[in-house]
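For reference, the chains in residue letters:
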Amino acid sequence: MPVPVILDCDPGHDDAMAILLAVAHPAIDLRAVTTVAGNQTVAKTALNARRMLSLAGAHQVPVAAGCDRPLSGALEIGDYVHGESGLDGPAFGEPVVPLDPRHGVDLMHDTLAAAGEPMTIVAIGPLTNVATLLRRHPGDRERIREIVIMGGSVDRGNHTPYAEFNIYADPEAAAEVLDSGVPTTWVGLNVSHQALVTADVLARLSALGTPLAELCVELLTFFGTTYQRTWGFEAPPLHDPITVAYLIDPAVLGHVHVGLRVELDGTHTRGATVADLHGRMDWAPNANVGLTLDRERFWDLMIGAVDALGRSGDERR
Ligand code: RIB
Ligand code: CA
């Protein structure tokens, strides 16, 4: 049975690829897309989500803009990685998919209420929308089967030396989601750095020979330039689609159930995620924390999705 999914995102180049995978694969029933401020402002992430859903031919999926700032603290924008538009690289035309007039959190709540079964939330941006949903509608906890999160790391960070961007951008939201009692599975940088968009991956995408594949190559080539400039990566890590691939085939992600915490007060470590992998603390296990990735399976799923949509989606621009 397909997994009913709400995708909360901040497109963002890797979010864009996650949208394509979620639309393309029959194991995913994408019921709604909500966006949050993160890689860019929430207006830009909403426009980018509409662009990608339009390109994927997913004209019936509602998409709404959510929170425009974190629960507390200053707004952090990842424009140094994703550019002024949030999807720099290719040129885009006007999207066909409209913007749903509801606030993203209201769209989440309405989608859960209408589902008739527990849903999975895939959260691949700052967790502000998800935390706000749980604050406003505590009863929705029972309607959520699992929250699969791209965020955190069992070792170092990226946005700061010890904090990954999605968590750093709203650490209070991450802590509230972690403590909500809803099962969570975390795909951190220690996993996503195993999914590098190497020259071979770009060559496989190019060889598909469709306008959508060409657009993905342009997106990922831009993404590679900012990763190289900022962190010296030879190839950029494709973080977000791993969450969707895990829902399609759980064997893609090796994970452990351990005690996890979000650092809120550290002078230099705010936003760090602390995974007690060796039981050194008296923390009850409270999260599934990703450790390993089946690269071959992941790339087959990701490239297969671009191929399938490229041969059946809308015109490229
Ligand atoms: O740190 C990587 C994460 O932050 C990804 O989700 C990327 O899209 C940005 O949101
Ligand atoms: Ca993201």
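In this report, we go over the structure that sits alongside the text. Numbers given for residues are sequential positions, taken from 1 along each chain in its written order. Chains and ligands are labelled sequentially in the order written, the chains with letters from A and the ligands with numbers from 1. Residue-level local features of this predicted model are given only where pLDDT is at least 70; pairs of side-chain atoms are given and counted only at 80 or more, and the full residue set underlies all totals for whole chains, interfaces and linings. Note that the side-chain values use all heavy atoms of the structure and ignore hydrogens as well as water.

### Some thoughts on the site of ligand 1
Within the structure, ligand 1 sits among Asp10, Asp14, Asp15, Asn39, Ile124, Met150, Asn158, Glu164, Phe165, Asn166, His239 and Asp240. Measuring from an oxygen atom of ligand 1, one finds a side-chain N or O atom of Asp10 at 3.0 Å. Whenever a nitrogen or oxygen atom comes within 3.5 Å of another N or O atom, the pair is scored as a polar contact, on the condition that within protein one atom can donate a hydrogen and the other can accept it, and that pairs from neighbouring residues in sequence are kept only if both atoms are in side chains. A distance of 2.6 Å separates an oxygen atom of ligand 1 from a polar atom in the side chain of Asp240. Coverage of ligand 1 by the protein amounts to 97% of the 270 Å² it exposes when considered alone. Under the DSSP-based scheme used, a helix requires at least four consecutive residues in state H or I and a strand at least two consecutive residues in state E, with every element numbered from the N terminus. Elements with a contribution of two residues or more to the shell around ligand 1: helix H1 (13-24) and helix H6 (165-169). Note on residue categories: nonpolar means Ala, Val, Leu, Ile, Met, Phe, Trp, Tyr, Cys or Pro, charged means Asp, Glu, Lys or Arg, and polar means any other residue, Gly included. The class makeup of the residues in the shell around ligand 1 is three nonpolar, four polar and five charged. For this purpose, a residue is taken to be near a molecule or strand whenever a single non-hydrogen atom of the residue falls within 4 Å of it. Using the Shrake-Rupley algorithm and a 1.4 Å probe, accessible areas are obtained, with residue cover drawn only from the displayed protein chains.

### Thoughts on the coordination of the calcium ion (ligand 2)
All of the protein donors around the calcium ion (ligand 2) are Asp10 (OD), Asp15 (OD), Asp15 (OD), Ile124 (O) and Asp240 (OD); their distances to the metal are 2.2 to 2.6 Å. Because no water is among the atoms considered, metal sites can look incomplete, with donors defined as N, O and S atoms within 2.8 Å of the metal, or 3.2 Å for Na, K and Ca. The sequence pattern formed by the donor residues of the calcium ion (ligand 2) is D-x4-D-x108-I-x115-D. Highlighted residues: Asp15 in helix H1 and Ile124 in the loop between strand E4 (119-123) and helix H5 (128-136), separated in sequence by 109 residues. Given the relative accessible area of 0%, Ile124 is considered buried. Categorising residues by exposure relies on relative accessible area from a 1.4 Å probe, with only protein chains included: less than 20% of the type maximum marks a residue as buried, more than 50% marks it as exposed, and the intermediate range marks it as partly exposed.

### As for helix H7 (residues 171-178)
Most of H7 sits out of view: seven of its eight residues are buried. Those residues of H7 that fall on the buried side of the exposure criterion are Pro171, Glu172, Ala173, Ala174, Ala175, Val177 and Leu178. Residues of H7 that are buried make contact with H5, strand E5 (144-150), H6, strand E6 (184-187), strand E7 (253-262) and strand E9 (287-293). Every residue pair with non-hydrogen atoms within 4.5 Å of one another is taken to be in contact.

### Re the packing of aromatic side chains
Between 30 and 60 degrees the pair is tilted, below 30 it is stacked and above 60 it is edge-to-face, where a pair is any two Phe, Tyr or Trp rings, Trp via its six-membered ring, whose centres lie within 6.5 Å. This structure, assessed with the given rule, holds five aromatic pairs. With centroids separated by 5.9 Å and ring planes inclined at 55 degrees, the aromatic side chains of Tyr80 and Trp231 adopt a geometry described as tilted. Taken together, the residues Tyr80 in helix H3 (residues 79-82) and Trp231 in helix H10 (residues 211-231) connect sequence positions 151 residues apart. Tyr80 sits in the partly exposed class, given a relative accessible area of 25%. With centroids separated by 5.3 Å and ring planes inclined at 65 degrees, the aromatic side chains of Tyr227 and Phe233 adopt a geometry described as edge-to-face. For the pair shown, Tyr227 and Phe233 are each scored as buried. Each residue in the set Tyr80, Phe223, Tyr227, Trp231 and Phe233 is aromatic and connected to the rest through ring pairs, giving one cluster.

### What about the side chain of Thr185?
Position of Thr185 relative to the elements: it lies in strand E6. Of note is the side chain of Thr185, whose polar atom sits 2.6 Å from the side chain of Glu146. If we ignore the near neighbours within four places in the chain, the residues touching Thr185 are Glu146, Ile147, Val148, Ile149, Tyr246, Leu253 and Asn288.

### What to know about the environment of Leu71
Relative to the elements of secondary structure, Leu71 occurs in the loop between strand E3 (63-65) and H3. Along the chain, Leu71 and Thr132 lie 61 residues apart, while their C-alpha atoms are 8.1 Å from each other.

### Description of the nonpolar core
By nonpolar core we mean a set of buried residues, namely Ala, Val, Leu, Ile, Met, Phe, Trp, Tyr and Cys, connected to one another through side-chain atoms within 4.5 Å. Counting residues in each nonpolar core, the largest one holds 66 residues, and the members touching the most others are Leu20 and Met52. The element contributing the most residues to this core is H10, with nine residues. Aside from chain neighbours lying at most four places away, what touches Leu20 is Met52, Ala56, Leu212, Cys216, Met302, Ala305, Val306 and Leu309. Ranked by size, the runner-up nonpolar core spans 35 residues in total, among them Ile6, Val130, Ala174 and Val262.

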